[in-house]
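# Inside the fold
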Amino acid sequence: MTGLGRSVSVFLGIAALSATAATIALAADGDLIVFDWAGYEEPSFHPGYTAKNGDSPTFAFFGDEDEAFEKVRSGFKADLGHPCSQSVAKWRDAGLLQPLDTSKIAGWNDLLPDIMAMKDLATTADGQAWFMPWDWGNTSLTYNTEKVDAKDVQSLKAFADPKFKGRVSIDDNVDDAYALASLAIGLHDWTKMTDEQFKEASDFLRAVHKNVRLYWTDTTEIVQAMGGGEVDLAWAWNDAATQLSMNGTPVARKPDTDEGISTWVCGYVRFKDAPGSEQKAYDFLNAVNDPAIANYMVKDWGYGMANGKGMASVDPKLLEEKGYANNQETTKNVLFQSPLPNELKAKMIAEFEKIKAGY
């Protein structure tokens, strides 16, 4: 999620829960603390906030949403957070969030209807709003087009093919790992995963592990690994291919594999015990939801923006190039990373740690 000269991005990091304190990596306006993935502090995402308040907010960073959840539940204080679709309900049900006042969010009605219609995501059944969808994208097969023949990666099972031993990388994130495994075994709704399917998916990840050269923890790491020729086949987010292409590396995403891709939606929430300025919290939400941000998000990061007016303003050729023609991927095979039952998620976390350790 970083271009040349930008901050390192850690969008979905380490799957194991962490007890370490959140890192305040960019201290600026102390009246607003945004708990975020590293990289999203980029000023180009919130120019309106800086113009109004004279500085960027203070950003604190987390590596993955389970880590962030534990930190906030343990007492870490911030005003806004940036969870994704699989975590919003968990954060809300744990009492970490407060409702959003949508009358204070410019462009709330411009958010894409398909995203807003997702059950218990942006709003609950009582009409209360808890989450402002903002960025969305995919995790998909990404490969070096000079070293890998497209026909050899038509199936996601290629990740477990012995011919790619030592040439594979997937992210060190339990959600993306089991999204890959679920798709590979033909499951597109992971919330309905049976015990038998869980074993089948875990066995697939064990087979993949034999080929893994590294489990990447941030976009810069996988970009360097693929750009340097260390890895030829990756399970990666949109921004990895975007950056590699900008750097001249012959890389392509393959969203049309037989089994498809995983997709997710991320956005912003207000924490229940937010210590800072409510006005500045809404200043920030308005700034990032400005339709003008869409072109930057699509062009430089390879992600879609939940603001429909913003996406409509992007050059159709750019949307086509990045896979967002008609605001969606061109594949019908999609696993949406919706919230998982707590027991199943805990099993995935524990099993993924064993797999990475070689067990």
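Attention here is on the structure that accompanies the text. Since this is a predicted model, take the numbers as computed values, not measurements.

### Thoughts on the overall build of the chain
Of regular secondary structure, the chain possesses 13 helices and 13 strands. For the chain, whose C-alpha radius of gyration is 19 Å, the value lies close to the compact-globule estimate of 21 Å for 359 residues. Each of the three principal axes of the chain carries a C-alpha extent, and together these read 55 × 45 × 35 Å. Among the 359 residues that make up the chain, the fraction classed as buried is 58%. When contacts within the chain are restricted to residue pairs at least 6 apart in sequence, those whose partners lie at least 24 apart make up 78%. A total of about 14,000 Å² of accessible surface is found on the chain, and carbon and sulfur atoms cover 50% of it. For the chain, the separation between the mean place of its 34 positive charges and that of its 52 negative charges on side chains is 3 Å.

### Here we look at the packing of helix α6 (residues 195–209) against helix α13 (residues 342–356)
Any two packed helices are characterised by how steeply their axes cross, that is the angle between the axes, and by the distance between the axes. The N-to-C vectors of α6 and α13 enclose an angle of 25 degrees; their axes lie 10 Å apart at closest approach. Viewed along their axes, α6 and α13 adopt a mutual orientation that is roughly parallel. α6 and α13 meet at a crossing whose hand is right-handed. On the side of α6, the interface is formed by Asp195, Phe198, Ser202, Leu205, Arg206 and His209, while α13 contributes Leu344, Lys347, Met348, Glu351, Phe352, Lys354, Ile355 and Lys356.

### Some points on the environment of Tyr303
Counting through the fold element by element, Tyr303 comes out in the loop between α10 (293–301) and β12 (304–305). Once the C-alpha coordinates of Tyr303 and Ile170 are considered, the two residues, 133 residues apart in sequence, prove to be 19 Å apart.

### Observations concerning the pairing of strand β8 (residues 212–216)
With 4 of its 5 residues buried, β8 lies for the most part within the structure. The sheet contact formed by strand β7 (residues 168–171) and β8 spans 4 bridges and is parallel. Residue Ile170 lies in a different strand from β8, and its bridge partner there is Tyr215.

### Examining the nonpolar core
Counting 78 residues, the largest nonpolar core has Trp134 and Phe284 as the members making the most contacts within it. By size, the runner-up hydrophobic cluster in this structure holds 37 residues, among which are Phe159, Ala184, Met193 and Leu205.

### Let's talk about the pairing of strand β11 (residues 261–271)
Within β11, 11 of the 11 residues are buried, which leaves the element mostly enclosed by the surrounding structure. Relative to β11, strand β4 (residues 80–81) is paired through 2 bridges, and the arrangement is antiparallel. The residue of β11 that forms the bridge with Leu80 is Arg270. As paired strands, strand β5 (residues 97–98) and β11 are joined by 2 bridges and run antiparallel to one another. Following the sheet pairing, Gln98 is matched in β11 by Arg270. As defined by bridge partners, strand β6 (residues 132–144) adjoins β11 across 7 bridges and the pair is classed as antiparallel. Bridge pairing in β11 places Pro133 opposite Gly267. As paired strands, β11 and strand β13 (residues 334–336) are joined by 3 bridges and run parallel to one another. Paired with Thr263 across the two strands is Phe336, which belongs to β13.

### Topic: the state of the cysteines
Counting across every chain of the model gives 1 disulfide. Disulfide pairing is shown between Cys84 and Cys266; the S-S distance is 1.9 Å. Taking the sign of the S-S torsion, 95 degrees for the link of Cys84 and Cys266, the bridge is right-handed. You can see Cys84 sitting in the loop between β4 and α3 (88–93) and its partner Cys266 sitting in strand β11, a full 182 residues away along the chain. Cys84 sits in the buried class, given a relative accessible area of 1%.

The rules behind these values
- In this convention, every chain numbers its residues from 1, walking through the sequence in written order.
- pLDDT decides what is reported in this predicted model: residues at 70 or higher carry local features, side-chain atom pairs at 80 or more are listed and counted, and totals for whole chains, interfaces and linings draw on all residues regardless.
- Hydrogens are left out, water is left out, and the side-chain values use all remaining heavy atoms of the structure.
- Note on conventions: DSSP H or I runs of at least 4 residues are helices, E runs of at least 2 residues are strands, and numbering of each starts at the N terminus.
- Between the two quantities, the radius of gyration covers C-alpha atoms and the globule rule is 2.2 Å times the number of residues to the power 0.38.
- Only protein chains enter the calculation, and the probe is 1.4 Å; a residue is then buried if its accessible area is under 20% of its type maximum, exposed if over 50%, and partly exposed in between.
- Contacts were defined at the residue level, with two residues in contact if any of their heavy atoms lie within 4.5 Å.
- What sets the accessible areas is the Shrake-Rupley method with a 1.4 Å probe; for residues, cover comes only from the shown protein chains.
- The convention is simple: Lys and Arg are positive, Asp and Glu are negative, and His and the chain ends are not counted.
- By convention, charge coordinates are those of NZ in Lys, CZ in Arg, CG in Asp, or CD in Glu.
- Between N-to-C directions, angles span 0 to 180 degrees; the directions come from axes that are lines fitted to C-alpha atoms, helices contributing only their stretch in contact.
- For classification purposes, angles smaller than 35 degrees are called roughly parallel, those larger than 145 roughly antiparallel, those between 65 and 115 roughly perpendicular, and all remaining angles oblique.
- Should the near helix be turned anticlockwise from the far one by less than a right angle, the crossing is left-handed, and should it be turned clockwise, the crossing is right-handed.
- DSSP-based pairing: two strands are paired if at least 2 bridges between them are found.
- Here, the term nonpolar core denotes a set of buried Ala, Val, Leu, Ile, Met, Phe, Trp, Tyr and Cys residues that are joined through side-chain atoms within 4.5 Å.
- The definition used for a disulfide is geometric: two cysteine sulfur atoms within 2.5 Å.

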